[in-house]
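Residues per chain are reported as follows:
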Amino acid sequence: MDVSYVKINDVTKKLQGQIVLNKIDLHLEKGNIYGIQGKNGSGKTMLLRLICGLIVPTEGSVEVAGKKLDSKNSFPESVGILIEYPGFLPQYTGFKNLQLLAAIRKRIDDRRIREVLEIVGLDPNDRRKYRKYSLGMRQRLGIAQAIMEDPDLLLLDEPTNALDTDAVENMRSLLLRMKQEGKTIVIASHDREELEKLSDEKIIIERGTIVGRQRSEEFKKAGVTL
Ligand code: ADP
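Residues numbered from 1 in each chain as written. Predicted model: local features only at pLDDT ≥ 70, side-chain atom pairs only at ≥ 80, totals over all residues. Heavy atoms only, no water.

### Structural notes on the environment of V56
By the secondary structure assignment, V56 is in the loop between helix 1 (44-51) and strand 4 (59-64). Here the alpha-carbon distance between V56 and T12, two residues 44 residues apart in the chain, equals 9.6 Å. (Helix = DSSP H or I, 4+ residues; strand = E, 2+ residues; numbered from the N terminus.)

Structure, rendered in structure tokens:
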């Protein structure tokens, strides 16, 4: 029996007559970190959008945690996403922004918000408004909102963008901890080295097509000989 957490079955996605994802077949297992590697415009973000139901396939199907995504079930139950800039409101503090998002699902209390802010290295008592945040602080807040519900599936698009070395280290250990807890994590990045540090498997995408998959044993070995 195939127990994959995410199943993308022969998906093609067309947007405005353009094929942006081409015959994608991809099954992802629980407790693994997957790295989607590809140049700008290759379809990484589209693939993440597909997994969380933000776009629907033109052909094929997507299943997450045993449930097919369709118009009735468009957003999987337990998923955290960081795709482009989350819609934070500039006139509020980071804390207030997370409170507003948490209110939508009513599952998170202020204690958890303080906790996730601390996890990503932001001060929960910082009175500065989001509009005064640096790019790196914005990215940290984006990661905080993605993890605050402790999701089983975490989708991160270019998560190390604008982060300094300490924050990158911090994020790496956070993701490894989540993996050990059995979460499924998908990271899209153009940065091969960064992906190779974390991924159990790399999925290489070019012009909307998966052109290669590599397990960490393979790319770690390749790294030594190159
Ligand atoms: P990546 O995340 O790898 O940089 P994307 O997934 O954002 O790439 O984009 C994949 C392709 O889809 C690009 O060629 C882009 O031009 C195209 N694309 C993105 N949005 C649309 C849209 N709304 N209509 C048509 N094509 C689009």
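Structure shown, so let's carry the discussion forward.
### As for the pairing of strand 1 (residues 6-15)
With seven bridges joining them, strand 1 and strand 2 (residues 18-28) adopt antiparallel strand pairing. Considered in strand 2, the bridge of L15 is made with Q18. Here strand 1 folds back onto strand 2 in antiparallel fashion, the turn holding two residues, of which Q16 has a positive phi close to 45 degrees. Sheet topology note: the strand 1/strand 4 ladder contains five bridges and is antiparallel. Paired with T12 across the bridge in strand 4 is E59. (Pairing = 2+ DSSP bridges.)

### Things to note about a nonpolar patch on the surface
Judged by side-chain polarity, L89, Y92 and L100 come together as a nonpolar surface patch covering roughly 220 Å² of accessible area. Turning to its location among the elements, Y92 is positioned in the loop between strand 6 (79-82) and helix 2 (94-105). Judged by its relative accessible area of 31%, Y92 falls in the partly exposed class. (Patch = residues over 30% accessible without salt bridge, like charges linked within 9 Å, V, L, I, M, F, W, Y side chains within 5 Å. Areas by Shrake-Rupley, 256 points an atom, 1.4 Å probe, with all protein chains shown as cover. Salt bridge = Lys/Arg side-chain N within 4 Å of Asp/Glu carboxyl O. Buried < 20%, exposed > 50% of the residue type's maximum accessible area, 1.4 Å probe, protein only.)

### What about the domain arrangement of the chain?
Each assigned domain of the chain is listed here: domain 1 (1-78 + 152-163 + 184-226) and domain 2 (85-150). Between domain 1 and domain 2, the C-alpha centre-to-centre distance is 26 Å. Every contact between the two is made by 12 residues of domain 1 and, on the other side, 10 residues of domain 2. Buried surface at the junction of domain 1 and domain 2, both sides included, amounts to about 700 Å², of which 55% is carbon and sulfur. Summed over the three residues of domain 1 that lose the most area to domain 2, namely E77, A162 and L163, the buried surface amounts to 47% of that side. At the boundary of domain 1 and domain 2, one finds zero salt bridges. (Domains from an automatic or database assignment. Contact = heavy atoms within 4.5 Å. Buried area = accessible area lost by both parts, 1.4 Å probe.)

### A short note on the sheet that holds strand 4
One open sheet holds the four strands; their spatial order is 2-1-4-5, and the pairing between them is antiparallel. Of all the strands in the sheet, the pair left with one neighbour each is strand 2 and strand 5 (67-68). The strands touched by helix 1 are strand 1, strand 2 and strand 4; relative to strand 2, the strand with the most contacts, the crossing angle is about 60 degrees. (Axes fitted to C-alpha atoms, helices over the stretch in contact; angles between N-to-C directions.)

### Side note on the site of the ligand
Near the ligand you find L15, Q16, V20, K39, N40, G41, S42, G43, K44, T45 and M46, and these make up its full shell. Between the ligand and the protein, one listed contact pairs an oxygen atom with a backbone N or O atom of S42 at 3.2 Å. Between the ligand and G43 there is a distance of 3.0 Å, counted from an oxygen atom to a backbone nitrogen or oxygen. Out of a free accessible area of 570 Å², the ligand has 61% covered by protein chains. Tallying contributions element by element places helix 1 first for the shell around the ligand, with three residues. By residue class, the composition of the shell around the ligand is three nonpolar, six polar and two charged. (Near = heavy atom within 4 Å. Polar contact = N/O pair within 3.5 Å; in protein donor to acceptor, adjacent residues only side chain to side chain. Nonpolar A, V, L, I, M, F, W, Y, C, P; charged D, E, K, R; others polar.)

### Looking at the packing of aromatic side chains
How two aromatic rings sit relative to each other is given by the distance of their centres and the angle of their planes. Overall, the coordinates contain two aromatic pairs when judged by the stated rule. With a centroid separation of 5.5 Å and an interplanar angle of 50 degrees, the aromatic rings of Y130 and Y133 are classed as tilted. Of the two residues examined, Y130 and Y133, each falls in the buried class. Taken together, F88, Y130 and Y133 form an aromatic cluster joined through their ring pairs. (Phe/Tyr/Trp six-rings, centres within 6.5 Å; stacked < 30°, edge-to-face > 60°.)

### Quick word on the layout of surface pockets
Size it by volume and the largest pocket reaches roughly 470 Å³. For the lining of the largest pocket, the elements supplying multiple residues, two or more each, are strand 6, helix 2 and helix 4 (135-147). Of the residues forming the lining of the largest pocket, the biggest block, four residues, is contributed by strand 6. In the lining of the largest pocket, the residues fall into 11 nonpolar, four polar and four charged. The residue makeup of the lining of the largest pocket includes at least three contributed by each of domain 1 (1-78 + 152-163 + 184-226) and domain 2 (85-150). For the second largest pocket, the calculated volume is near 330 Å³. In terms of lining, the second largest pocket is formed by 19 residues, of which the most central are K44, T45, E84, D157 and E158. (1 Å grid on protein atoms, 1.4 Å probe; cavity = no way out; pocket = protein on both sides within 12 Å on 5 of 7 lines; lining within 4 Å. Points joined across faces, edges and corners; volume = space filled by probe spheres on them.)

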